[in-house]
Amino acid sequence: MNQILIAEDESLIASFIAKGLRANGFLPTITSDTEEILNLAISDNFDLLILDLELPSKDGLEVLEEIRGQGVNLAVIILTARNDINDKVAGLEGGADDYMTKPFRFEELLARIKLRLRNNQATQVQEETVLTVGNVLLDLKTRKAKVKGDLIDLPVREFTLAETLFRHPEQVMSREQLLDRVWGYDYDPGSNIVDVYIGYLRKKLGSELIETVRGMGYRLRK
Ligand code: CA
């Protein structure tokens, strides 16, 4: 049975979500204490976190940063009254898997939760936890990279981009494919964000690793 952590200080909303989840066979836990959210997120007992951004003692985005900073891979859906695009981008860049604004319909939240849990299970089935190409190693469990044995700091999106390329060595991946897999939400198709992030990876992992295939995209060299 899937355990869901609800980080929410508005008790009516929290109990509304919890009730709906219980009716659908989930085990919800409610808390708005940011220390407790962090401890429970790290505990490995939960499958998904529903995260409010306006928590009493700390901003939800900071809590998310701490969770991801601990290498916790828990699925996170931000549920907030903030509908500013900057908050949305910050949340997703900060490692949230999805972002929903209040007011919301429970059916939609439920659909998104199920989708996230399905995606996570699909990832867990793959046994490989370390991907290596040349002298670059990606540890998918700890979300850390190593070049010639030296630890390299890769933020969430850079790591996910590297992982996507490492899973398809010698294959040309188009910008659209990379945008879709790494950012996974509406992004201006004219955006050069993929090129910018490829540049970051080349700097950190080695300039020869990723080849530009003119007019097509990028290819990871074995
Ligand atoms: Ca709140």
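Residues numbered from 1 in each chain as written. Predicted model: local features only at pLDDT ≥ 70, side-chain atom pairs only at ≥ 80, totals over all residues. Heavy atoms only, no water.

Visitor: What should I look at first to understand the sheet that holds strand E7 (residues 136-139) in this one?
Guide: Hydrogen bonds between backbone atoms are what pair the strands of a sheet, whose relative direction is either parallel or antiparallel. Spatially, E6-E7-E8-E9 is the arrangement adopted by the four strands of the open sheet, whose pairing is antiparallel. Each of the sheet's edge strands pairs with one partner strand only, and the pair in question is strand E6 (130-133) and strand E9 (150-152). Pairs of neighbouring strands in the sheet enclose a mean axial angle of 25°, with direction left out of account. By the bridge criterion, four bridges tie E7 to strand E8 (residues 144-147) in an arrangement that is antiparallel. Across the sheet, the residue bridging to Val136 is Val147, located in E8. Against the sheet, helix H6 (residues 156-166) contacts E6, E7 and E8, and its axis sits at roughly 110° relative to E7. Strand contacts of helix H8 (residues 193-205): E7, E8 and E9, with the helix running at about 50° to E8, the strand carrying the most contacts. (Pairing = 2+ DSSP bridges. Helix = DSSP H or I, 4+ residues; strand = E, 2+ residues; numbered from the N terminus. Axes fitted to C-alpha atoms, helices over the stretch in contact; angles between N-to-C directions. Contact = heavy atoms within 4.5 Å.)

Visitor: Is there a simple way to think about the coordination of the calcium ion in this case?
Guide: Bound to the calcium ion are the protein donor atoms Asp9 (OD), Asp52 (OD) and Glu54 (O), situated 2.1 to 2.4 Å from the metal. Between consecutive donors of the calcium ion, the numbers of intervening residues give the motif D-x42-D-x1-E. Of the two residues, Asp9 is situated in the loop between strand E1 (3-7) and helix H1 (11-23) and Glu54 in the loop between strand E3 (48-51) and helix H3 (60-69); the sequence distance between them amounts to 45 residues. (Donors = N, O, S within 2.8 Å, 3.2 Å for Na, K, Ca; no water.)

Visitor: Explain the sheet that holds strand E4 (residues 75-80) to me, please; I cannot follow it from the model alone.
Guide: Across the sheet, which stays open at both edges, the five strands sit in the order E2-E1-E3-E4-E5 with parallel pairing between neighbours. Since the sheet does not close on itself, it has two edges, and those belong to strand E2 (27-31) and strand E5 (98-101), each with one partner. Averaged over all pairs of adjacent strands, the angle between strand axes in this sheet comes to 20°, irrespective of strand direction. Taken strand by strand, H3 contacts E3 and E4, and its axis lies near 175° from that of E4.

Visitor: I'm lost on the pairing of E6 in this one. Help?
Guide: Successive side chains on a regular strand alternate, one facing one side of the sheet and the next facing the other. Burial along E6 is one-sided: the face carrying Leu131 and Val133 is buried and the face carrying Val130 and Thr132 is not. In this sheet, E7 lies alongside E6 in antiparallel orientation, the contact comprising four bridges. Across the sheet, Val133 pairs through a bridge with Val136, a residue of E7. Turn length for the E6-E7 hairpin, with the two strands adjacent in sequence and antiparallel, is two residues, and the turn residue Gly134 shows positive phi of about 60°. (Buried < 20%, exposed > 50% of the residue type's maximum accessible area, 1.4 Å probe, protein only.)

Visitor: Hey, could you run me through the environment of Arg221 in this one?
Guide: By secondary structure assignment, the location of Arg221 is in the segment after strand E12 (217-220). In this structure the C-alpha to C-alpha distance between Arg221 and Leu209, which are twelve residues apart in sequence, comes to 5.6 Å. With residues up to four places along the chain from it excluded, the contact list for Arg221 reads Val133, Glu170, Glu208, Leu209 and Glu211. At 3.2 Å, the side chain of Arg221 forms a polar contact with the backbone oxygen of Glu208. (Polar contact = N/O pair within 3.5 Å; in protein donor to acceptor, adjacent residues only side chain to side chain.)

Visitor: Looking at this structure, I do not really get the packing of H6 against helix H7 (residues 175-183). What am I missing?
Guide: To describe two helices that pack against each other, one gives the angle between their axes and the distance between the axes. One way to put it is that H6 packs onto H7 with a least axis distance of 9 Å and a crossing angle of 125°. Judged by the inter-axis angle, H6 sits oblique to H7. Relative to H7, the crossing made by H6 is right-handed. Contact residues: H6 offers Arg157, Thr160, Leu161, Thr164 and Leu165, while H7 offers Leu178, Arg181, Val182 and Trp183. (Parallel < 35°, antiparallel > 145°, perpendicular 65-115°, else oblique. Left-handed = near helix turned anticlockwise from the far one by under 90°.)

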